[in-house]
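Here's the letter readout for the chains.
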Amino acid sequence: MTTDRQNKVPEEISPEAQQAAPFTGLRWAFVTDSLISGGLGLVANICSYLFIMWAGRSLPPNHFGLFATFVSVFTLTAVFANAIQMRVNQILTGQSIQTAWVFLRKLWWQQGIAILLAALAILPFVSWISDTIESSIIDLAACFLCVITIFGYSSLMGLLGSLHRIRLQAGSSTLGAMLKFGLAVGLGFWSDAVALWLLAYLLHYGAVILVGGWILKSELARSKHSHDVQDISVTEPVLKNVLPYLLGVVPLVADQIYVRMWATDLSGAYGGLTTLARISFYACGSVFAVMLPYLLRETHHGRSTKSLLQASVALVALIAGSAAAVLTLFPHEIRAACFGPRYVEVGALLPLLGWAAALYSCNYATLLFLFVRRKAGLLLALLLIPIVLQALLFCDFGGANPPSLGDFALAQFAVVLSQSAVIVAYLLTGYVRVRLAKL
């Protein structure tokens, strides 16, 4: 027997209240996953930074500058892999595991062909690249191997995201970072070969590949065979995501490559500077990792993501701003703790690039939202402005006057500031357009 009150409850809940209810749970689930993944991500970030700082302590300055340049190179190249990760996550959200398996097999086959063609394309330029950044062919081969591995890593990270295994994403990445740092401890005592230090990244990617492969195998074993398997295109949708990622990430990593090209002697010190400054950005890695699956899931179901964007940017600003504040208060102490007596000149410039990295973190969170929501047509053209500015500023240092470390740091700050200005201008333009439409 039911009471009158019980009978009235469904009628008393308005459609607005029913639609708003999931968002309270959404924000709470997002924050919970961010905190749990953030704890694991913190361990992974600490291990990754200890790895790079150990490299800064162990490798000669010129070798460390080359190492930092290669990390920037395959990070930049991995933009294609990150686009694949995002597209895999986007496509496979809500799909059956059989569809996911068919899609991944097609993706890996096409990746193999693309990598082979890319290798053949750059082969004539290997000698020139080697001379320009003063590296050996073995170092270039190690970098290329890392790039190959990160494609498998990214596709399986996308699979884990589509299955909403966010904590497994973070856990496997943390395991890989711990293995990477463990190898670095041994390398620091008996080898200064840049190639070996780069290959340590394979442990990081390999851990995620093993976990992702295990999850895929388990899901396939548990699920019943389905004849309703969708044939999803791979190439065209993935290529559409490459350009947004490329334009968004270039300003963060291209500076180290420019410095290595135009001021080789400063590349070690600049590598140390950017390694420490980017703590403000990489500290937010767990938020970005959680933000993407949530954005894709809510977009897939046609729900508003405004509250998720607000929570994400606020959390990123808090974390990145706190990290930048610590770098501002204790720049020389942090530099000494990380690199010992090396790179003394880095301390004075650390606050400047620390806040630049914090600002870039907010830029990245906003860009991620805009790209997922497919609201980036004009923005893609506008994002060319900071990239062109970076090329003009850094290539200008290739002239007769030798640049200083401070010149490069100021140029990078100007680049990040211009990217922020572009994003704000784009958002204001959209706001004004909406307001005018309502008149």
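Rules of the game
- Residues numbered from 1 in each chain as written.
- Predicted model: local features only at pLDDT ≥ 70, side-chain atom pairs only at ≥ 80, totals over all residues.
- Heavy atoms only, no water.
- Helix = DSSP H or I, 4+ residues; strand = E, 2+ residues; numbered from the N terminus.
- Buried < 20%, exposed > 50% of the residue type's maximum accessible area, 1.4 Å probe, protein only.
- Contact = heavy atoms within 4.5 Å.
- Areas by Shrake-Rupley, 256 points an atom, 1.4 Å probe, with all protein chains shown as cover.
- pLDDT = per-residue confidence, 0-100.
- Salt bridge = Lys/Arg side-chain N within 4 Å of Asp/Glu carboxyl O.
- Core = buried A, V, L, I, M, F, W, Y, C linked by side-chain atoms within 4.5 Å.
- Phe/Tyr/Trp six-rings, centres within 6.5 Å; stacked < 30°, edge-to-face > 60°.

Some remarks on the overall build of the chain
Alright, step 1. Broken down by element type, the chain carries 20 helices and 0 strands.
Alright, step 2. Expressed as a percentage of its 439 residues, the buried residues of the chain come to 50%.
Alright, step 3. Intrachain contacts of the chain at a sequence separation of at least 6 include 85% that bridge at least 24 residues.
Alright, step 4. Counting every atom, the chain has about 20500 Å² of accessible surface; 69% of that belongs to carbon and sulfur.

A short note on the confidence of the model for the chain
As a general rule, the predicted coordinates of low-pLDDT regions are not to be interpreted in detail.
Alright, step 1. On average, residues of the chain score 76 in pLDDT, and 73% of them reach the 70 mark or higher.
Alright, step 2. Of all secondary-structure elements in the chain, the lowest mean pLDDT belongs to helix H1 (residues 4-12), at 42, while helix H12 (residues 267-277) reaches the highest, 91.
Alright, step 3. Across residues 1-23, confidence stays below pLDDT 50; counting only partners more than four residues off in sequence or on other chains, it has 7 contacts.

Some details on the pattern of salt bridges
Alright, step 1. A complete count under the given rule lists 1 salt bridge for this structure.
Alright, step 2. Note that Arg 278 is salt-bridged to Asp 255, the shortest N-O span being 3.0 Å. Taken together, the residues span a long stretch of sequence, with Arg 278 in the loop between H12 and helix H13 (279-282) and Asp 255 in helix H11 (residues 235-262) at a distance of 23 residues. Here the two residues Arg 278 and Asp 255 agree in accessibility, since each one is buried.

A closer look at the nonpolar core
Alright, step 1. By size, the foremost hydrophobic cluster in this structure holds 96 residues, and its most contacted members are Phe 67, Phe 74, Leu 198 and Tyr 201.
Alright, step 2. Sort the elements by how many residues they give to this core and helix H17 (residues 346-372) lands first, with 15 residues.
Alright, step 3. Non-local contacts of Tyr 201, meaning those with residues more than four positions away in its chain, are made with Phe 51, Ile 52, Phe 67, Val 71, Phe 74, Cys 146 and Lys 180.
Alright, step 4. Ranked by size, the runner-up nonpolar core spans 8 residues in total, among them Ala 100, Leu 104, Leu 107 and Leu 216.

Here's the deal with the packing of aromatic side chains
Aromatic ring pairs are described here by two measures, namely the spacing of the ring centres and the angle between the planes.
Alright, step 1. All told, the structure shown has 17 aromatic pairs when counted by the stated rule.
Alright, step 2. Seen from their ring centres, Phe 51 and Phe 67 are 6.0 Å apart, and the 65° between their planes marks the pair as edge-to-face. One end of the pair, Phe 51, is in helix H2 (residues 15-58); the other, Phe 67, is in helix H3 (residues 61-77), with 16 residues separating them in the sequence. Grouping residues by exposure puts Phe 51 and Phe 67 together as buried.
Alright, step 3. Between Tyr 360 and Tyr 364, the aromatic rings sit 6.2 Å apart at their centres with planes inclined by 35°, giving tilted as the arrangement. Note that Tyr 360 and Tyr 364 are positioned in helix H17 at a spacing of 4 residues, about one turn of the helix. Taken as a pair, Tyr 360 and Tyr 364 share a single burial class, namely buried.
Alright, step 4. Cluster of aromatic residues (ring-pair linked, three or more members): Phe 51, Phe 64, Phe 67, Trp 197, Tyr 201, Tyr 205, Phe 339 and Tyr 343.

Some thoughts on unusual backbone geometry
Alright, step 1. Positioned with a positive phi, Tyr 343 is a non-glycine residue whose angle comes to about 55°.
Alright, step 2. Within the secondary structure, Tyr 343 sits in the loop between helix H16 (331-339) and H17.

Details of the side chain of Ser 280
Alright, step 1. Within the secondary structure, Ser 280 sits in helix H13.
Alright, step 2. You can call Ser 280 buried: its relative accessible area is 0%.
Alright, step 3. Setting aside residues no more than four positions away along its own chain, Ser 280 makes contact with Ala 320, Ala 323, Ala 324, Leu 327, Gly 354, Ala 357, Ala 358 and Ser 361.

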